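The residues making up each chain are set out below.
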Amino acid sequence: MSKFNFPESIMSRPVYGTLEPRSGKAHLMVADAQGAEAIIGLSKADSGLLSKTHIIYIPKGTGDTYTGKLEKLGAAQLYVGPSYEAAKTRLQRTLAGAHMGLQVYLSGTEGLMGQAMLEATNAGIPHTAIQTEHRGSVARRMQCVHCKGITEDVMTDPFVCSHCGLSLFVRDHYSRRLAAFQGVCIDAEDPGNVPASVELYK
Amino acid sequence: MIMQFNEETFREDYTFHNSDWAINRFPFPFHEDSYMYAVNMEQHRGGPEGSIYEKRFDVDEHYVAEMKDRAMVLSDDPLRCQSLPHMTLAGWDLLELIMVSKSEDYPDLFELHRNGDKWHWINKPLGIEDHFTFLDETTLPYGPMEYITRQTQGDFCVLDQRDDNLWMDAGIVTTQADWSLDFDIGMNFFEWHAPVPLAHEKGIFVRALKFLLNIQQGAPARRLNWTMTVNPLLDTSPENYHKWGVQKTEITPENIGRKQYLRVELQTFFRLPRSNGLVFPIRCYLIAFEDLVKIPKWGRRLHRVIRDLPVELATYKGFIDNRPMMLDYLSEFDDGEPTSDGIWPDRHLE
C-alpha cells in the first residue's frame, strides 16, 4: 500500500478519500504511478466495472510495474501515456464527448489529480462529484505567487522556483483553478536568509 | 465641504498624508480596549455627517492619488483585475450601483444622465466623460467592473451566490492586505478565508456567510477590519511581497511614529439586482501612528489592543517582530486612564 494520511489542515486544502465503484454506464479513471493500485482495487470491488471504463494512466517513474496488471483488467479503453501533458488532450477529448452521468475517478499524486479535476470541472462536472484517492508521492504542484510560474513535483520546503529562482515556502493554501498550492518568498524580510530545506511531511 | 485632493504617492517617496479633517474622520476600528474576531456586521445606512460611513461609497482627499496608484498597479500586473465569464452582468450591476450612488451622494463631483440605455457619465475629479450603452460592453473602454472600479477607491470582490455559498468569481484588487485575487479567484467563502487563524474554530465564517447570503437589495451591511503596514503602501500584495517585505525591517524607535501605519478596511456588502451577486468593496484607510495618537483615546486604546493581542493574530497580521517596538512607542501615549465606549474620537483636531 502507498497511502499517506495527510494531517488535518486549512479548508482550501484538498481532502482525498477512497475510490468506490459507482453505478453508471460510463466511467473514466485517471491515475499516475501508484494510483494504479486504486484502480486495481476498484476492479476487485466490482468485477463488471472495468468493461465500461476508460483508463488514462501515466506510469511516472514506475516503469512497467503496473502496466501489465492494468492490461489484464479488461478495461473498455486503456491508454498508457508518457506524461500528463501528453495525455491532456486525450483527457479533454474524452470529457468533451462524455454523456451525462459519467463517473470520474482520480488517483495518484496531488498534481495529477488536481490537473485532471480541473479538466473535469471545465467540462461541467462539479468537483464534489469527482472521487479522488491519493497514492504514492506527497510531492506538490506549486505556483509561485510572484512570477506565477508552476513548479511540478516539489518535495521540499522551502524550494527554489523553477522559473524566477526565488526561494519559496510551501503553503497549504490551494487553488482548484490553478491546480496548485501557493509558494511565497521565504526571505523577503531578511534577504539571503533561507533556512535549510526539509522534505515535506518528514 | 469642497473637496481638495492631495498630491501624494503611495510608493517610493511616500508623500501620502492625512489632513486634520482626515484624521478626525479616520475609521478607528476598536470599540473597546481589546480585540478578537467577531461577526461585527451592522447596517450600512449612512452615519454621522462627514464620517466615512455617511455615503455609500466614501470619496475623500486621497481619491485622485489612489486612482493613479491603481492604474500603475494594473499596468504592472493586469492579473489584479479578473472576471470569470459568467460575471459580466454582475459587473454592470456594480457599475450602476456606483454611478447612481456617487452622482446622488456627490452631485458636485459626479453626474449620471440616463435616457433609456443611453448613459452619460461625468467624473470631474478624474476628468472623465463617457457616453455608453448600458449592458453593451463594446461601448466602454474596459469591462464594466474594471471601468467603474478604476474610478472608485477600494478593492472590489464581486461574488457569485450559488450552492448556499459565495464564490470569488470577479474582482479588482490593488490595495489588499496581502492576499492574491489571481490565486483566490473561483474559491468559495471558506476556501478564500482558509488561511485566517482562530476564526474558523470560533464559527465566525459560518455565521458571517449565513448573514451575507441573506443580504437584500437596498439593505447593505458593513464592518471594519484592520492590520498594520509599514509606510503608506497601498499595494501590499503577495505578488510583490519579495519587494516590499523588507520594508518591515526598516522600522526604528526614531522613525516608527511616521513609518508605522494602522491600516483599516471598511468592508461593505451590497446585493446586486440582476445577477443576484454580492459586491464586497474593501476600502483601505491608512493613518500614521504619530497622527493616530493625536486623538488621546485612540493612542491609549491602540496600545492596550496591540499589547493584549493573541500571538496568532499578530503573526497572521504580519507585525509580530515589530510588536515590541510598537508597544514602546504607544505606551508613551497610554496614561492608564479609562477610555469611552465606541470608536469615535474623544476630541477633534481643529
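Residues numbered from 1 in each chain as written. Chains lettered and ligands numbered in written order. Predicted model: local features only at pLDDT ≥ 70, side-chain atom pairs only at ≥ 80, totals over all residues. Heavy atoms only, no water.

Engineer: What is the right way to read the overall build of chain A from this model?
Structural biologist: Secondary structure assignment for chain A yields four helices and 12 strands. For 202 residues, the compact-globule formula gives about 17 Å, and the C-alpha radius of gyration of chain A, at 18 Å, lands near that figure. Here chain A, with 202 residues, has 50% of them falling under the buried criterion. Sequence-distant contacts in chain A: of pairs separated by 6 or more residues, those separated by 24 or more amount to 65%. Per element, the accessible surface of chain A, about 9,300 Å² overall, is 51% carbon and sulfur. Averaging the locations of the 20 positively and 19 negatively charged side chains of chain A gives two centres separated by 9 Å. (Helix = DSSP H or I, 4+ residues; strand = E, 2+ residues; numbered from the N terminus. Rg over C-alpha atoms; globule rule 2.2 N^0.38 Å. Buried < 20%, exposed > 50% of the residue type's maximum accessible area, 1.4 Å probe, protein only. Contact = heavy atoms within 4.5 Å. Areas by Shrake-Rupley, 256 points an atom, 1.4 Å probe, with all protein chains shown as cover. Lys, Arg positive; Asp, Glu negative; His and termini not counted. Charge placed at Lys NZ, Arg CZ, Asp CG, Glu CD.)

Engineer: When you look at the pattern of salt bridges in this model, what are you seeing that I'm missing?
Structural biologist: When the charged atoms of two side chains lie near each other, side chains of opposite charge can form a pair. Following the criterion strictly, the structure yields 37 salt bridges over all chains and no others. Arg-56 of chain B is the partner of Asp-105 of chain B in a salt bridge, and the nearest nitrogen-oxygen pair spans 3.1 Å. Placement of Asp-105 of chain B in helix α3 (residues 88-105) and of Arg-56 of chain B in the loop between β1 (42-43) and α2 (63-76) is noted, with a sequence separation of 49 residues between them. Counted as one network, the salt bridges with shared partners bring together Lys-3, Glu-37, Glu-133 and Arg-135 of chain A. (Salt bridge = Lys/Arg side-chain N within 4 Å of Asp/Glu carboxyl O.)

Engineer: I would appreciate a short explanation of the interface of chain B and chain A in the present structure.
Structural biologist: Note on interface size: it is often stated as the accessible area lost on association of the parts. Taken together, the 24 residues of chain B in the interface contact 23 residues of chain A. Regarding the contact of chain B and chain A, the summed buried area is about 2,000 Å², with carbon and sulfur atoms giving 60% of it. Among the residues chain B hides against chain A, the three largest losses belong to Phe-183, Tyr-241 and His-242 of chain B. Together they make up 33% of the total. Our count for the chain B to chain A interface comes out at five salt bridges. The partner of Lys-148 of chain A in a salt bridge is Asp-182 of chain B, with the nearest N and O atoms 3.1 Å apart. If you look at where chain B meets chain A, you find 13 residue pairs in polar contact (both at pLDDT 80 or more). Considering only residue class, the side of chain B that touches chain A consists of 12 nonpolar, six polar and six charged. (Buried area = accessible area lost by both parts, 1.4 Å probe. Polar contact = N/O pair within 3.5 Å; in protein donor to acceptor, adjacent residues only side chain to side chain. Nonpolar A, V, L, I, M, F, W, Y, C, P; charged D, E, K, R; others polar.)

Engineer: Quick question: what am I supposed to make of the domain arrangement of chain A here?
Structural biologist: Residue and element names in this part refer to chain A. Partitioning chain A into structural domains gives domain 1 (27-134) and domain 2 (140-199). Domain 1 puts eight residues into the contact, and the matching count from domain 2 is nine residues. Of all residues in domain 1, Glu-110, Gln-115 and Leu-118 bury the most surface against domain 2, accounting for 52% of the area lost on that side. Summed over the shared surface of domain 1 and domain 2, the result is one salt bridge. Note that Lys-60 and Asp-153 form a salt bridge whose closest N and O atoms lie 2.8 Å from each other. Put simply, domain 1 and domain 2 have three residue pairs in polar contact (both at pLDDT 80 or more) between them. Among the residues forming the side of domain 1 that touches domain 2, the class breakdown is two nonpolar, four polar and two charged. (Domains from an automatic or database assignment.)

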